[in-house]
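A look at the structure
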Amino acid sequence: MSQSPIDNPKHQNPGGQPVLVGENARRDDVDQAWEQDNQAWWDWYMTLADNSGEPAAGQQALDPAWDAAGNLDGATDVDEAAVRAELSAPYPLTADQIDAFRANGYIKLPGVLSASATRLLRREIAELLGAAFDTRLDGGTHGRFLSAEMAWLEHPLLRAYVLSPRIAKICADLLGVTGVRLYHDNLMSKEPGCGRTPWHYDAHHFPLATNDVVTAWIPGQPIPRAMGPLCFAWPIDVYKLVQGVAFNKFDTSYDRGVGEVFRRNAVAVDDGPFAAGEVSFHHNLCFHSAGANHTNQSRVVLANTFFADGARVLEHPTMVSGDWQKFIPGAAPGAVAASPLNPVCWPPQA
């Protein structure tokens, strides 16, 4: 007799509780509201990744200069005013880079952040996630994916990173739209020993009735392959190859199915490392994943998602969108997504 998803240990959180509850656990479909918070969403979603091909768990030592204290080359003092000015300064985006993004669905841009801005970002995220989860990064927790959102509302320095005109203008220019609003920020740490992130595209996740959506994925340190960098399948239209793969919220079959289709069709995958200050931008239709973290340090990232000003909420959001009403409060299905928590980030508002 097979186990129910509720009783299966693979579908339980670190406390031994089922990752899905209520109707989410009882029904096979996803056409229902998510019934928990967004950390519980990540605890569930990471169970959908196939880790059978991963090497045995190990912890590769990394440069201790990039640690939770945000140190680099022995320096601990960062000029916050200079970082804020940097986050407002334009980035020299080229026509070739815009064309590459639109063809491939993603682009990795070097030097979007300086080393100082990168280490300051890591220090802030490490402190916030450490406090939120009563742990310390870089070894205090093993095997988990930690996440927090909406930090920009209470933390002025993170607000500068999240509402950055530099980042938002890149997003608007890549999409070819005149203005973008914030969907939400996401402070993420893939802890040592945490496995893969499953293959997916964000059109399945965000409850927005537009494909003019882009996520800026901003690492808080260099990310070698052993740490599990974000990886991208390209060109952008490879999503059409996997439209027939059925999503299953109880097992790894979707992740495995997508991977098999990509291998069978020799789909190109960019799983290269990220240098310090390098930032990736991926489109709503870009299929992406991320490797396991086999290092002894936390993989710390800020992900900011922006959408074209004027977009509406989907008529029928699903549980895959998590607690989306936290990010667009007061917006009913079908309404324009323009709550006070979705400010226009480009062009800058008065």
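Residues numbered from 1 in each chain as written. Predicted model: local features only at pLDDT ≥ 70, side-chain atom pairs only at ≥ 80, totals over all residues. Heavy atoms only, no water.

Regarding the overall build of the protein
A count of helical and extended segments in the protein gives eight helices and 11 strands. With 350 residues in all, the protein has 56% of them scored as buried. For the protein, the proportion of contacts with a sequence separation of at least 24, taken over those separated by at least 6, is 84%. (Helix = DSSP H or I, 4+ residues; strand = E, 2+ residues; numbered from the N terminus. Buried < 20%, exposed > 50% of the residue type's maximum accessible area, 1.4 Å probe, protein only. Contact = heavy atoms within 4.5 Å.)

Some thoughts on the sheet that holds strand S7 (residues 268-270)
An order of S4-S9-S6-S7 is seen for the four strands of this open sheet, with the pairing classed as antiparallel. On the outer flanks of this sheet lie strand S4 (197-200) and S7, each paired with one strand and no other. Direction aside, the axes of adjacent strands within the sheet are offset by 20° on average. Relative to S7, strand S6 (residues 230-234) is paired through three bridges, and the arrangement is antiparallel. (Pairing = 2+ DSSP bridges. Axes fitted to C-alpha atoms, helices over the stretch in contact; angles between N-to-C directions.)

What to know about the pattern of salt bridges
Inspection of the entire model under this criterion finds nine salt bridges. Residue lysine 326 is joined to glutamate 149 by a salt bridge in which the shortest nitrogen-to-oxygen separation is 2.9 Å. Taken as a pair, lysine 326 in the loop between strand S10 (299-308) and strand S11 (344-346) and glutamate 149 in strand S2 (residues 145-149) lie far apart in primary sequence, 177 residues in all. With a relative accessible area of 35%, lysine 326 lands in the partly exposed category. Between aspartate 255 and arginine 196 there is a salt bridge; the shortest N-O distance is 2.5 Å. Taken together, the residues aspartate 255 in helix H8 (residues 253-264) and arginine 196 in the loop between strand S3 (180-190) and S4 connect sequence positions 59 residues apart. Across this residue pair, the class does not change: aspartate 255 and arginine 196 are buried. (Salt bridge = Lys/Arg side-chain N within 4 Å of Asp/Glu carboxyl O.)

Observations concerning the environment of tryptophan 42
Mapped onto the fold, tryptophan 42 is located in helix H2 (residues 38-45). Separated by 280 residues in the primary sequence, tryptophan 42 and glycine 322 place their C-alpha atoms 9.1 Å from one another. When near neighbours in sequence (up to four residues on either side) are disregarded, tryptophan 42 contacts Phe145, Ser147, Asn186 and Met188.

Remarks on the confidence of the model for the protein
Put simply, the protein has an average pLDDT of 91, and 89% of its residues get 70 or more. Across residues 1-10 the pLDDT falls below 50, and counting only partners more than four positions away or on other chains, this stretch makes 10 contacts in the model. (pLDDT = per-residue confidence, 0-100.)

Here we look at the pairing of strand S1 (residues 106-109)
Burial of the side chains of S1 extends over both faces: Tyr106 and Lys108 are buried on one face and Ile107 and Leu109 on the other. As paired strands, S1 and strand S8 (residues 279-283) are joined by four bridges and run antiparallel to one another. Paired with lysine 108 across the two strands is serine 280, which belongs to S8.

Focus: the packing of aromatic side chains
The tally for this structure, following the rule as stated, stands at 16 aromatic pairs. Each ring, one from tryptophan 41 and one from tryptophan 44, has its centre 5.8 Å from the other, and the planes form 80°; the classification is edge-to-face. Separated by three residues within a single helix, tryptophan 41 and tryptophan 44 lie in helix H2, roughly one turn from each other. When the ring of tryptophan 42 is compared with that of phenylalanine 145, the centres are 4.2 Å apart and the planes differ by 15°; the resulting orientation is stacked. Pair noted here: tryptophan 42 is in helix H2 and phenylalanine 145 is in strand S2, with a separation of 103 residues, a long-range link. (Phe/Tyr/Trp six-rings, centres within 6.5 Å; stacked < 30°, edge-to-face > 60°.)

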